[in-house]
Amino acid sequence: MKVYETELTVRYCETDQMGIVHHSRYYPWFEVGRTEFFASGGIRYGEMEKQGLMLPLVETHCRYIVPAHYEDVVIIRTSIKELTPVKIRFQYDVVRKNDSVLLAHGETLLAFTNSNFKPINLKKYNPMLWDYVCSMQ
C-alpha cells in the first residue's frame, strides 16, 4: 500500500483560544494530503478535471484522539483504503512529527463523476487514468 506523507505546521488561525487545533481544520488537511497524494504520482486534480473527471466528496469521518497545538509539526499520512470503478476511499493518519503520536484518524469517500456530476465507471470512462489510480494503491 502506498502511503504519502504531507508535513504541515499548525498555524495560529487553525487553533481555538486554548491553542488547540479546531476540529474543522482536519478536513482541509485531508484535502491537502489527498491532493499531494495524487501529485506525488504525477497527476494533479486540475489535470483530471480537464479530462472531464470530477471527484465530489460523498462522505467524511474523523476520529480525534489527541489534540494538536499551535506550532506543532504534523504529518498527514494518506493512502487508498478502497478503490472501485465508481468510488475511491482514502484514509488519513495525522501524527505529530516530534514523537509520532497519532492525533487523528479519518476517511473520505469520493465518487468518480463526469463534469456534469453524473456518476461514471472510471475503468470504462478513462482506462488509462483507471490504471494509473490502481497503480497508486
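The rules behind the values
- Residues numbered from 1 in each chain as written.
- Predicted model: local features only at pLDDT ≥ 70, side-chain atom pairs only at ≥ 80, totals over all residues.
- Heavy atoms only, no water.
- Phe/Tyr/Trp six-rings, centres within 6.5 Å; stacked < 30°, edge-to-face > 60°.
- Helix = DSSP H or I, 4+ residues; strand = E, 2+ residues; numbered from the N terminus.
- Buried < 20%, exposed > 50% of the residue type's maximum accessible area, 1.4 Å probe, protein only.
- Pairing = 2+ DSSP bridges.
- Axes fitted to C-alpha atoms, helices over the stretch in contact; angles between N-to-C directions.
- Contact = heavy atoms within 4.5 Å.

Draft legend 1. Representation of the packing of aromatic side chains. Summed over the entire model, instances satisfying the criterion amount to 10 aromatic pairs. With 5.2 Å between their ring centres and 70° between their planes, Y26 and Y64 make a pair best called edge-to-face. In this pair, Y26 is assigned in helix α1 (residues 26-40) and Y64 in strand β2 (residues 57-64), connecting sequence segments 38 residues apart. On the basis of relative accessibility, which here comes to 2%, the residue Y26 falls in the buried class.

Draft legend 2. Molecular detail of the sheet that holds strand β5 (residues 102-111). With antiparallel pairing, the five strands of this open sheet are ordered in space as β1-β3-β4-β5-β2. The sheet is open, and its two borders are formed by β1 (4-9) and β2, each paired with just one other strand. Strand-to-strand twist across the sheet, computed as the mean angle between neighbouring axes with direction ignored, equals 20°. Pairing between β1 and strand β3 (residues 73-84): six bridges, direction antiparallel. Of the residues in β3, the one forming a bridge with E7 is I75. Strand contacts of α1: β1, β2, β3, β4 (87-96) and β5, with the helix running at about 115° to β4, the strand carrying the most contacts. Of the strands in this sheet, β3 and β4 touch helix α4 (residues 127-135), which is tilted by about 125° from β3.

Everything listed is a geometric property; what it means functionally is a separate question.
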